[in-house]
Amino acid sequence: MSDKIYIRNLEVFGKHGVLPEENRLGQKFQINAVLYTHTREAGLKDDLTKTIHYGEVSHFMSGFMMEHTFQLIETAAEQMARAVLLRFPAMEKIRLEILKPWAPIGLPLESVSVEIERGWHQAFVAIGSNLGEREDYLEQGLKGLRSCEDCRVEQVSEIIATKPYGVTDQPDFLNGMVKLKTLLSPWELLRELNRIEQQAGRERKVHWGPRTLDLDIIFYDNCVIDTEELTIPHPDMHNRAFVLQPLAELAPYFRHPLLHKTASQMLAEL
């Protein structure tokens, strides 16, 4: 459970709006924010460095509103939430409301506002290769994940050599698991993984066929998603030792949200 720090009715100036005079002249905006973090260590030690400095956050948000110009307050909220989360690592998530007083709609109106909640998510991504210089392709995949500003690679498992699964008439694989934090939604993360695969020359010609680089989302928080584009948890992960072995190395007690078994239990039962 996270603790909360509240910033209420912060007055800032910005040049945001659809009308040209709004972008030229600007106006006052108000910000309400809830910062989710852990304050116990700071509270026990009376140490500001162990928590989030709400003064710094307030000045950062004020500066962000003055330095950028957006037509929509939806865009201002989205971009500010991302910027704050990237700037303050101790923040797990933020609930952010931007109010626009006296919005020019030709009617008496006190204010209009947009409120969003954004934060870091835990994901496990399987990584594999069985074509060409396999180690180089895996390193290229890890480099791609590390270079994504909206992802933080926390741990990488040992890389293991495994026999092919499904279509067995192909070269052996190198497989591993990546534990990462991400600001991306599951679908945005999928598109980012596909982009990294394409940079490594991945071609999708044969289902379960050989590939230069394979990046699969195994878990995303405790989400259960079943669409044509994306299925989470990965539907066949519990039958794959090359997934469960590196997963159990990184997170032996992470529990499958549908099977209600830990990674270690699934590996032991395989």
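Check the entry above for the structure.
Each value, and the rule that gives it
Residues numbered from 1 in each chain as written. Predicted model: local features only at pLDDT ≥ 70, side-chain atom pairs only at ≥ 80, totals over all residues. Heavy atoms only, no water. Helix = DSSP H or I, 4+ residues; strand = E, 2+ residues; numbered from the N terminus. Buried < 20%, exposed > 50% of the residue type's maximum accessible area, 1.4 Å probe, protein only. Contact = heavy atoms within 4.5 Å. Core = buried A, V, L, I, M, F, W, Y, C linked by side-chain atoms within 4.5 Å.

Scanning the protein from terminus to terminus reveals eight helices and eleven strands. Here the C-alpha coordinates of the protein stretch approximately 70 × 50 × 30 Å along the principal axes. Per-residue burial for the protein yields a buried fraction of 47% across its 270 residues. Once local pairs closer than 6 in sequence are excluded, the contacts in the protein between residues at least 24 apart make up 64%.

Structural remark: α-helix, 3.6 residues per turn; residues separated by three or four positions point the same way. For helix α7 (residues 241–250), the buried fraction is high: seven of the ten residues fall into the buried class. Residues of α7 that are buried: F242, V243, L244, P246, L247, A248 and L250. Looking at the packing, one finds that the buried side of α7 touches β5 (121–129), β6 (151–156), β7 (160–162), β8 (173–182), β9 (214–220) and α8 (263–269).

Next up on the list: the nonpolar core. Side chains that are nonpolar tend, in soluble globular proteins, to be buried together. Of all hydrophobic cores here, the largest spans 31 residues; its most connected members are M61 and L96. Elements supplying a minimum of two residues to this core: β1 (3–14), β2 (27–37), α3 (54–67), α4 (73–87), β3 (93–101) and β4 (111–119). Ranked by residue count, the leading element in this core is α4, at eight residues. Leave out the neighbours within four places in its chain, and L96 touches I31, N32, A33, M61, A77, M80, A81, V114, E115 and I116. With 24 residues, the next largest nonpolar core counts L142, C151, L193 and L230 among its residues.

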